[in-house]
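# An overview of the molecular structure
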Amino acid sequence: MSLPHLSLRPTSATSPPPAESRPLRRLHVITWGCQMNVYDSGRMADVLAPLGYRPADSAADADMVILNTCHIRERATEKVFSELGRLRVIKEQRAAEGRETILAVAGCVAQAEGAEITARAPFVDIVLGPQTYHRLPEMVARAHRAAGPVIETDFPVEQKFDFLPGAPAEQDQAVTAFLTVQEGCDKFCSFCVVPYTRGAEASRPVAGIVEEAQRLVARGAREVTLLGQNVNAYHGAGPNGGDWGLGRLIRTLAEIPGLLRIRYMTSHPRDMHDDLIAAHAEVPALMPFLHLPVQSGSDRVLAAMNRRHTADDYRRLVDRLRQARPDLALSSDFIVGHPGETAADFEATMALIRDIGFAQAFSFKYSPRPGTPAAAATGHVPETEKDRRLAELQALIRAQQDHFNMRSVGLDLDVLVTGPGRRPGQIAGRSPYLQAVHMDGPANLVGQIVPVTIRQCLTNSLSATLNNPAYAQERASA
Ligand code: 5AD
Ligand code: SF4
């Protein structure tokens, strides 16, 4: 299962200080796409740190620029070429000043379109797929020597996690952190490129994950989100042999002192096994908020999508989850206008949304991805109809989200304080349901879970008051 929040908005990742003996170089990473890309960007910065790379705020200041791309939706390749056009100008300007710039394209577009990138953008020095980041230092060395581009888009036999250093440096001091536990996907949903770009499902062994979680906590993390394209298909090697599922992994991570909250995303309904459902009842650190994409509420469309479950399977699964954890809130992904989707199919999706009641959801118009079965299917839905369906679906989701947030007003919730608020004297954090919450309070509560009462529901956040400011303050200073 791939990840939501694919806003294609660039974020930057940085590297830690270099080893003393290395010449100082500057690295700028532009990250598009999902949380897994954010995590990967941090890892790439980490492997380059021993070569002397330190963070640069902009591409113009950087000796090396990595564009970490996302291929999940429309016009991804064109967006990459347009950004590469901008980076080419910077590279040429720097060259005129006698400064070299290594330009690398990473991520899923690099994986899928490697040959096209080198043909259309010969000024790119390195093209690397998501499975080869651990080879980056060697590729940089080769790029210095090579006349043409260095390309690594194989799925290597070695596991990249065995070769990558620990948690991303930019997560230092962050109260919340990501931890990739599994990558790739074997589900082959009709519309999705992930099985082709990220490759077959592979899970990291338990020991490395536990170590990384301990390191994150030692650096200040209190909440860890376990990441994977199909995270609940996790089946990593246990410390004493045998495969562990995600439920068992979560139970073990919950024992790490100082790790107060655990989340995971993104899940496929078919992989929601009994032990994982039971973990929702039994592990208090496992937050009562689950992103569980369903994509459609029509059995015909679900079959065409190769989702391998029905709408009622999903309803029953949600019932079981809510039995295990009655305060569980749900989020989902929806696609409107998959090839063959009729007005009645769309109505079935709307009915499912009304039945379940979501706290939030991500919704997309279907867009063909080259090489996927749906792209070659017949019965493509006209764009105007997709627009209409998307607007209708988003209005319903918005109403459910508003209702969910309004219902929080007056409730006592535990908020993990993640940093200062916008105004002086304010702090901000997140509720168990990932809602942004802000309140008056002292900055030394950062990293603490504090009980609050929600007072007001604003457009994108909740405002709250600390339930026991004096006690919270005492605990923070202790
Ligand atoms: N068209 C539209 N949406 C898509 N998604 C994945 N592939 C496509 C596509 N071809 C959506 C799915 C997935 C989310 C991350 O992106 O809803 O769960
Ligand atoms: Fe998710 Fe299906 Fe894509 Fe796998 S193939 S990442 S399950 S949407």
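All values reported here derive from a predicted model rather than from experimental measurement. (Residues numbered from 1 in each chain as written. Chains lettered and ligands numbered in written order. Predicted model: local features only at pLDDT ≥ 70, side-chain atom pairs only at ≥ 80, totals over all residues. Heavy atoms only, no water.)

## Let's talk about helix H11 (residues 343-356)
Every α-helical turn comprises 3.6 residues, leaving residues that sit three or four positions apart pointing alike. Spelled out, the test is: Every helix listed is a DSSP run of H or I at least four residues long, and every strand listed is a run of E at least two residues long, numbered separately from the N terminus. Expected helix span is taken as 1.5 Å per residue step, with the number of steps being one fewer than the number of residues. A simple rule labels every residue: compare its accessible area, found with a 1.4 Å probe on the protein chains alone, to the largest value its type can have, and call it buried under 20%, exposed over 50%, or partly exposed in between. Directions pointing from the helix axis toward each C-beta atom define the arc. By definition, residues are in contact when any of their heavy atoms lie within 4.5 Å.
Between its first and last C-alpha, H11 extends 20 Å over 14 residues, near the 20 Å set by a 1.5 Å rise per residue. The set of residues buried in H11 consists of Asp345, Phe346, Thr349, Met350, Leu352, Ile353 and Ile356. Taken down its axis, H11 places every buried residue within 155° of arc, on the same side. Buried residues along H11 sit in contact with helix H9 (299-304), helix H10 (311-324), strand S16 (329-336) and helix H13 (383-408).

## A short note on the pairing of strand S2 (residues 25-31)
Going by this rule: The rule for pairing is simple: two strands pair if DSSP sees at least two bridges between them.
Of all seven residues in S2, five are buried; the element is thus mostly enclosed. The sheet contact formed by S2 and strand S3 (residues 53-55) spans three bridges and is parallel. When the bridges of S3 are listed, Leu27 appears paired with Pro55. Pairing of S2 with strand S4 (residues 64-69), which is carried by five bridges, proceeds in the parallel orientation. The residue bridging Ile30 from the neighbouring strand is Leu67, located in S4.

## Points about the sheet that holds strand S15 (residues 289-291)
Neighbouring strands of a sheet are bound in pairs by backbone hydrogen bonds; such pairs are parallel or else antiparallel. As a reminder, the rule being used: To obtain an axis, a line is fitted to C-alpha atoms, over the contacting stretch when the element is a helix, and the angle between two such axes runs from 0 to 180 degrees between their N-to-C directions.
Across the sheet, three strands lie side by side as S15-S16-S17; this open sheet has parallel pairing. Every interior strand has two partners, whereas the edge strands, S15 and strand S17 (360-365), have only one. Taken pair by pair, the neighbouring strands of this sheet meet at an average axis angle of 10°, ignoring direction. Pairing analysis gives six bridges linking S16 to S17, with the strands arranged parallel. Residue pairing across strands places Phe334 opposite Ser363, the latter belonging to S17. In this fold H13 packs onto S16 and S17, with an angle of close to 175° to the strand it touches most, S17.

## Brief notes about the nonpolar core
Counted only if it meets this: By convention a nonpolar core is built from buried Ala, Val, Leu, Ile, Met, Phe, Trp, Tyr and Cys residues, the set being connected through side-chain atoms within 4.5 Å. Domain start and stop points were drawn from an automatic or database domain assignment.
Ranked by size, the top nonpolar core spans 54 residues in total, and within it Leu226, Leu246, Leu249, Ile250, Leu253, Tyr264 and Met272 carry the most contacts. Top element by residues in this core is helix H6 (residues 206-218). It accounts for six residues. Each of domain 2 (172-287) and domain 3 (321-407) gives at least three residues to this core. Core analysis: the second largest hydrophobic core is formed by 34 residues, Trp32, Ala59, Ile117 and Cys189 among them.

## Describing unusual backbone geometry
The residue after Met265, namely Thr266, is reached through a cis peptide bond having omega 5°. Locating Thr266 in the fold gives a position in the loop between strand S14 (261-265) and helix H8 (274-282). Positive phi outside glycine occurs at Gln295, with the angle close to 75°. Position of Gln295 among the secondary structure elements: in the loop between S15 and H9. Classification of Gln295 by relative accessible area gives buried; the value is 4%. Although it is not a glycine, Leu434 sits at a positive phi angle of roughly 65°. By secondary structure assignment, the location of Leu434 is in the loop between strand S19 (426-430) and strand S20 (436-440). Taking relative accessible area as the criterion, Leu434 reaches 35% and is therefore assigned partly exposed.

## So, the sheet that holds strand S21 (residues 449-457)
Spatially, S18-S19-S20-S22-S21 is the arrangement adopted by the five strands of the closed barrel, whose pairing is mixed. Along the sheet, successive strands turn relative to each other by an average axial angle of 50°, direction set aside. Sheet analysis places strand S18 (residues 412-420) next to S21, joined by five bridges and oriented antiparallel. Bridge pairing in S21 links Asp412 to Thr453.

## Regarding the side chain of Glu341
Within the secondary structure, Glu341 is located in the loop between S16 and H11. Every residue in contact with Glu341, bar those within four places of it in the chain, is listed here: Val301, Ile335, Val336, Phe346, Val381 and Arg389.

## Side note on the packing of H6 against helix H7 (residues 246-253)
We count it as follows: Each crossing is labelled by how the near helix is turned from the far one, with a counterclockwise turn of less than a right angle marking it left-handed and a clockwise turn marking it right-handed. Note on residue categories: nonpolar means Ala, Val, Leu, Ile, Met, Phe, Trp, Tyr, Cys or Pro, charged means Asp, Glu, Lys or Arg, and polar means any other residue, Gly included.
Two elements in contact, H6 and H7, have axes whose closest approach is 11 Å; the angle formed by their N-to-C orientations is 35°. Crossing handedness for the pair H6 and H7: right-handed. Residues Val206, Ile209, Val210 and Ala213 of H6 form the contact with H7, whose participating residues are Leu249, Thr252 and Leu253. Counted by class, the contact of H6 with H7 contains six nonpolar, one polar and no charged residues.

## Quick look at the pattern of salt bridges
Rule in force here: Put simply, a salt bridge is a Lys or Arg side-chain nitrogen that is within 4 Å of an Asp or Glu carboxyl oxygen.
Scanning all chains against the criterion turns up 31 salt bridges. Close ionic contact of Glu183 with Arg198 constitutes a salt bridge, the shortest N to O distance being 2.8 Å. Taken as a pair, Glu183 in strand S9 (residues 182-183) and Arg198 in the loop between helix H5 (194-197) and strand S10 (202-203) lie far apart in primary sequence, 15 residues in all. Grouping residues by exposure puts Glu183 and Arg198 together as buried. Each of Glu341, Glu385, Arg388, Arg389 and Glu392 takes part in a single network of salt bridges with overlapping partners.

## Here we look at the side chain of Gln435
Note the cut-off: Think of a polar contact as two N or O atoms within 3.5 Å of one another; within protein, one of them needs to be a possible hydrogen donor and the other a possible acceptor, and neighboring residues in sequence only count if both atoms come from side chains.
Here Gln435 is to be found in the loop between S19 and S20. Within the local environment of Gln435, its side chain forms a polar contact with the side chain of Asn405, the two groups lying 2.8 Å apart. Ignoring sequence-local partners within four residues, the contact set of Gln435 consists of Phe404, Asn405, Ser408, Leu413, Gly429, Arg430 and Leu462.

## Remarks on the packing of aromatic side chains
Using the following cut-off: Side-chain rings of Phe, Tyr and Trp (the six-membered ring for Trp) are treated as a pair once their centres are within 6.5 Å; stacked means planes under 30 degrees apart, edge-to-face means over 60, and tilted covers the remaining angles. We call a charge positioned above a ring when the Lys NZ or Arg CZ atom is no farther than 6 Å from the ring centre and deviates by at most 35 degrees from the ring normal.
A full pass over the atoms with the stated rule returns three aromatic pairs. With a centroid separation of 5.6 Å and 85° between ring planes, the pair formed by Phe334 and Phe358 is classed as edge-to-face. Here Phe334, found in strand S16, pairs with Phe358, found in the loop between H11 and S17; they are 24 residues apart in sequence, far enough to count as distant. On the basis of relative accessible area, Phe334 is assigned to the buried category, the value being 0%. Aromatic pair Phe404 and Tyr433: ring centres 5.5 Å apart, planes at 85°, arrangement edge-to-face. Linking Phe404 in helix H13 with Tyr433 in the loop between S19 and S20, this pair joins segments that are 29 residues apart in sequence. The residues Phe404 and Tyr433 share a single accessibility class, namely buried. Here Arg120 stacks its cationic end above the ring of Phe81, 3.7 Å away from the centre of that ring.

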